[in-house]
Amino acid sequence: MVAVINGKGGVGKTSVTANVAGQLAQAGYKVLAVDIDLSGNLGLDLGYVGDAKDDGGQGLVDAVWRSNPLPLIADVRPSLDVVPGGRHLEMLAALESTPMSTELPGGGVATAFAARLADLAEDYDLVLLDCAPGNPILQDMALHAARYVLIPTKTDAAGWEGLRMVGPRVRKTRGKNPALTYLGVVLFAHQTNATRVRGATKARLAEVSETVPMFDNYIRHSETAAHDCRQRGQLAHELARDVSSSTRERLSALRTRREGETVVPLPAALSGSADSLAGDYAEVAREVLLRISALEATTPINNVSGR
């Protein structure tokens, strides 16, 4: 299980979760994405907002409090299932602050969630947890359940401060989850020609109290492609697939207009950078698998679960 986490919002956690999950599912892996965020924005990226099973996180709350099975929206993409989140997750913070939380499995919300998620994990090759920024209860839930920590970040001051906020939570969680390990930091919305910035960011990671590696690959800045993805409920590789057909349709419509035939509406123009953005996510997904494989090759098999 991989917790995708940063202490600040707007640094790509949900986009990385959705697109890495989608890339791996397309490659034939069985993947589960869990939305542990009050915003529920994973539904925007994967296009299931309005689905009857998108309960705003109520089923996840019931799984923690009543030991119900975690609710699934199956096959949002072939081989990709989702546990939806949303505004109802606020109730978990309230529950943790009451004496009733000690009655939960393991004595708290985080451990109860980890137990429910473990019931599902064996059915999947990889589980990705999209973590809420700035909500310690929801972040602790993800970290208690996870084996690996993936930190998307921008290179601005806010992204860096959010990265630094992760360390104390990881150290605290290791009291009950000692196998928790950093998978690495992946740069998000990064300028492709900013090699000096990448080098400086890698050097600054030494300021973190323990070694946190930086991914070789990164997600480029592409505002129009990101906008089109979320507006259409598509992943980057799905948008890229539609760009070429949209371009052909627009050219055909323009040709018809010039020739004086019946005027037809122009199809929407889509971002030309979608293909490059999709390539970035594909490389990051590949690096996630390679890093997990390398870490598990050096760790006793009876001590970890990579899922």
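Scroll up a little and you will see the structure.
Residues numbered from 1 in each chain as written. Predicted model: local features only at pLDDT ≥ 70, side-chain atom pairs only at ≥ 80, totals over all residues. Heavy atoms only, no water.

Section: the overall build of the chain
Here comes step 1: The secondary structure content of the chain amounts to 11 helices and seven strands.
Here comes step 2: A burial count over the chain gives 51% of its 307 residues as buried.
Here comes step 3: In the chain, 78% of the contacts between residues at least 6 apart in sequence involve partners at least 24 apart.
Here comes step 4: Accessible area of the chain: about 13,800 Å², with a carbon and sulfur share of 51%. (Helix = DSSP H or I, 4+ residues; strand = E, 2+ residues; numbered from the N terminus. Buried < 20%, exposed > 50% of the residue type's maximum accessible area, 1.4 Å probe, protein only. Contact = heavy atoms within 4.5 Å. Areas by Shrake-Rupley, 256 points an atom, 1.4 Å probe, with all protein chains shown as cover.)

Regarding the sheet that holds strand β7 (residues 181-187)
Here comes step 1: Strand order in the open sheet formed by seven strands is β3-β4-β2-β5-β1-β6-β7, and the pairing between neighbours is mixed. The sheet is open, and its two borders are formed by β3 (73-77) and β7, each paired with just one other strand. Going from strand to strand, the sheet's axes swing by 25 degrees on average, the running direction of each strand aside.
Here comes step 2: One ladder, built from three bridges, connects strand β1 (residues 2-4) with strand β6 (residues 148-153); its direction is parallel. In the sheet register, A3 faces β6, and the bridge partner there is V149.
Here comes step 3: On top of the sheet, helix α11 (residues 274-297) reaches β1, β5 (126-131), β6 and β7; it is set at about 160 degrees to β7, its chief contact. (Pairing = 2+ DSSP bridges. Axes fitted to C-alpha atoms, helices over the stretch in contact; angles between N-to-C directions.)

A closer look at the nonpolar core
Here comes step 1: V34, L60, F113 and L117 are the most contacted members of the largest nonpolar core, which has 49 residues in total.
Here comes step 2: The leading source of residues in this core is helix α5 (residues 109-121), at eight residues.
Here comes step 3: Ignoring sequence-local partners within four residues, the contact set of L60 consists of V34, D35, L70, P71, V83, P84, L89, L92, F113 and M141.
Here comes step 4: Ranked by size, the runner-up nonpolar core spans 41 residues in total, among them V76, A240, Y281 and V284. (Core = buried A, V, L, I, M, F, W, Y, C linked by side-chain atoms within 4.5 Å.)

Looking at the pairing of β3
Here comes step 1: Relative to strand β4 (residues 80-83), β3 runs antiparallel, the two sharing two bridges. Counted as the bridge partner of R77 is L80 from β4.
Here comes step 2: Linking β3 to β4, which pair antiparallel, is a turn of two residues; within it S79 sits at a positive phi near 75 degrees.

Focus on the packing of helix α1 (residues 13-26) against α11
Here comes step 1: Where α1 meets α11, the axes come as close as 9 Å, and the angle between the chain directions of the two elements is 80 degrees. Considering the angle they form, α1 stands roughly perpendicular to α11. Between α1 and α11, the residues in contact are S15, V16, N19, V20, Q23 and L24 and A278, Y281, A282, V284, A285 and L289, respectively. (Parallel < 35°, antiparallel > 145°, perpendicular 65-115°, else oblique.)

Quick look at the environment of A142
Here comes step 1: The residue A142 is located in helix α6 (residues 136-145) in this model.
Here comes step 2: Between the C-alpha atom of A142 and that of D35, which follows or precedes it by 107 residues, the distance is 9.8 Å.
Here comes step 3: Those residues within four positions of A142 in sequence are excluded, and the remaining contacts are A3, I36, L129 and C131.

Structural notes on helix α7 (residues 157-173)
Here comes step 1: When the terminal C-alpha atoms of α7 are compared, their 25 Å separation across 17 residues agrees well with the 24 Å that a helix rising 1.5 Å per residue should span.
Here comes step 2: Residues of α7 that are buried: G159, W160, G162, L163, V166, G167, R169, V170 and T173.
Here comes step 3: Those residues of α7 hidden inside the fold are in contact with α6, β6, β7 and α8 (195-204). (Expected span 1.5 Å × (residues − 1).)

Description of α11
Here comes step 1: The terminal C-alpha atoms of α11 lie 35 Å apart, and with 24 residues this matches the ideal 34 Å at 1.5 Å per residue to within 8%.
Here comes step 2: Among the residues of α11, A274, L277, A278, D280, Y281, V284, A285, E287, V288, R291 and I292 are the ones counted as buried.

A look at the layout of surface pockets
Here comes step 1: Volume-wise, the largest pocket comes out at about 560 Å³.
Here comes step 2: As for the largest pocket, its lining consists of 29 residues, and the residues nearest its centre are G12, S15, F188, A226 and R230.
Here comes step 3: Residue assignment for the lining of the largest pocket shows that the elements contributing at least two residues are α1, α9 (223-232) and α11.
Here comes step 4: By residue class, the composition of the lining of the largest pocket is 11 nonpolar, 12 polar and six charged. (1 Å grid on protein atoms, 1.4 Å probe; cavity = no way out; pocket = protein on both sides within 12 Å on 5 of 7 lines; lining within 4 Å. Points joined across faces, edges and corners; volume = space filled by probe spheres on them. Nonpolar A, V, L, I, M, F, W, Y, C, P; charged D, E, K, R; others polar.)

Considerations on the environment of A132
Here comes step 1: Within the secondary structure layout, A132 lies in the loop between β5 and α6.
Here comes step 2: Residue classification places A132 among the buried positions, given a relative accessible area of 2%.
Here comes step 3: Along the sequence, A132 and K8 sit 124 residues apart, while their C-alpha atoms lie 8.7 Å from each other.
Here comes step 4: Setting aside residues no more than four positions away along its own chain, A132 makes contact with I36, D37, L138 and Q139.

Quick look at the pattern of salt bridges
Here the idea is simple: oppositely charged side chains can pair when their charged atoms come close.
Here comes step 1: Overall, the coordinates contain 11 salt bridges when judged by the stated rule.
Here comes step 2: Its salt-bridge partner being R230, residue D45 comes within 2.4 Å of it at the nearest N-O pair. One end of the pair, D45, is in helix α2 (residues 42-46); the other, R230, is in helix α9, and 185 residues separate them in sequence.
Here comes step 3: On the basis of relative accessibility, which here comes to 31%, the residue R230 falls in the partly exposed class.
Here comes step 4: D242 serves as the salt-bridge partner of R241, at 3.1 Å between the closest nitrogen and oxygen.
Here comes step 5: Overall, R241 belongs to the exposed group, its relative accessible area being 51%. (Salt bridge = Lys/Arg side-chain N within 4 Å of Asp/Glu carboxyl O.)

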